[in-house]
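# Summary of the model geometry
Residues per chain, in single letters:
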Amino acid sequence: MEFTKMHGLGNDFVIVSKYKDIPKDVERLAIAMCDRHFGVGADGLVFILPSDQADVRMRIFNADGTEAEQCGNAIRCVSKYVYDHELVNKEKLSVETLAGIQHVKLHTKEGIVNTVEVDMGEPILKGELVPTAIHDPQVVDRTIEVDGVTFHFTAVSMGNPHAVIYVENAKDFDVEKWGPKIETHPLFPKKTNVEFVTVKSDKELEMRVWERGVGQTLACGTGACATGVASVLTGQASRDVTIHLKGGDLKVFWNPEDNKVYMTGEAREVFTGNWLAPVEF
Ligand SMILES: N[C@H](CCC[C@H](N)C(=O)O)C(=O)O
């Protein structure tokens, strides 16, 4: 099975585009292909599939085999892939995900895609829809206790759940210690992605992330969008921010006119390969 290895700011994916549907045992395949020693190594396995509602359909499976509703960095990779490989010859295209239809604008350099702007849709703020166990209209600046330590969090869904937590210094925060404890906290019925954020200014935020079903990643597109929204809701930053991640910067704009979150950043293709283990479709 042919694949292409891509990343968005170091959040890396195995991209498979030659099939009309996902394989029979996709969970086991995602775990095997994402393994960084016995497999290709990636944060997720992504399938580009036909769509009757958009130019293409994307399904993404985390390194633990679970399917995610949405993935910002993967949408940028998929959009770059279909343009560069001439599957879709448009600089404005649409990608169908479990979270809805995402509209994408491609910015090319010497004929190939360099940066990608994605309309990630409207944030979902109702507690029970994120989902969280707090059934309020919004879950903003609430407390969560873990091992006797209290964190303040804001819950935002971009189709997938995020708990945004503000800390003194995100750059050296112990993400590996606290991330998994919050990811699996009973407050989050479908578990959650966890962002640890330091506000640098009204327009700049530093963010580290522990991803549901993956672990600490170098970047998280939906996490950056959730962080942008939470920072407005908690009155800590403007609607148009640059988010500094371990793997690079993302621009996030929560547009007051259409209530949609726009995310802009790079996407890169690294190598292609052939997965030799048997895969049944
Ligand atoms: N681990 C996430 C999916 C990938 C999201 C992230 N890689 C992004 O760029 O948005 C989840 O289970 O919701």
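Placed above this text is the structure.
On a predicted model such as this, the values are computed, not experimentally measured, just so you know.

About the criteria used
Residues numbered from 1 in each chain as written. Predicted model: local features only at pLDDT ≥ 70, side-chain atom pairs only at ≥ 80, totals over all residues. Heavy atoms only, no water. Buried < 20%, exposed > 50% of the residue type's maximum accessible area, 1.4 Å probe, protein only. Helix = DSSP H or I, 4+ residues; strand = E, 2+ residues; numbered from the N terminus. Arc of directions from axis to C-beta. Contact = heavy atoms within 4.5 Å. Salt bridge = Lys/Arg side-chain N within 4 Å of Asp/Glu carboxyl O. Near = heavy atom within 4 Å. Polar contact = N/O pair within 3.5 Å; in protein donor to acceptor, adjacent residues only side chain to side chain. Areas by Shrake-Rupley, 256 points an atom, 1.4 Å probe, with all protein chains shown as cover. 1 Å grid on protein atoms, 1.4 Å probe; cavity = no way out; pocket = protein on both sides within 12 Å on 5 of 7 lines; lining within 4 Å. Sits in = over half its atoms within 2 Å of the grid points. Domains from an automatic or database assignment.

It is worth spelling out helix α3 (residues 175-183) at this point. Restricting attention to buried positions, one finds in α3 the residues V175, W178, G179, I182 and E183. Taken around the axis of α3, the buried residues stretch over an arc of 130°, which confines them to a single face. Its buried side turned inward, α3 meets β9 (139-146), β10 (149-157), β11 (161-166), β12 (193-201), β13 (204-211) and β14 (215-217).

On to the pattern of salt bridges. Taken as a whole and judged by the stated rule, the model has 17 salt bridges. Between R57 and E96 there is a salt bridge, with its nearest N and O atoms 3.9 Å apart. Here E96 lies in strand β6 (residues 92-97) and R57 lies in strand β4 (residues 56-62), a separation of 39 residues in the sequence. Take E96: its relative accessible area is 12%, and that puts it in the buried class. A salt bridge links K260 to D119; its shortest N-O distance comes to 3.1 Å.

The next point concerns the site of the ligand. Inspection of the region around the ligand gives 15 residues, with N11, G72, E211, G221 and T222 positioned closest. In this structure, an oxygen atom belonging to the ligand sits 2.9 Å away from a main-chain N or O atom of G72. Contact between the ligand and N73: an oxygen atom at 3.0 Å from a main-chain N or O atom of the residue. Computed on the free molecule, the ligand has an accessible area of 360 Å², of which 100% lies beneath the protein chains in the complex. In a pocket analysis with a 2 Å cut-off to the grid points, the ligand is assigned to the largest cavity. Looking at the shell around the ligand, the elements with two or more residues in it are α2 (72-84) and α4 (221-233). Residues lining the shell around the ligand come from more than one domain, with at least three contributed by each of domain 1 (2-121 + 266-274) and domain 2 (127-259).

Bear in mind that shape data such as this cannot, by itself, settle questions of function.
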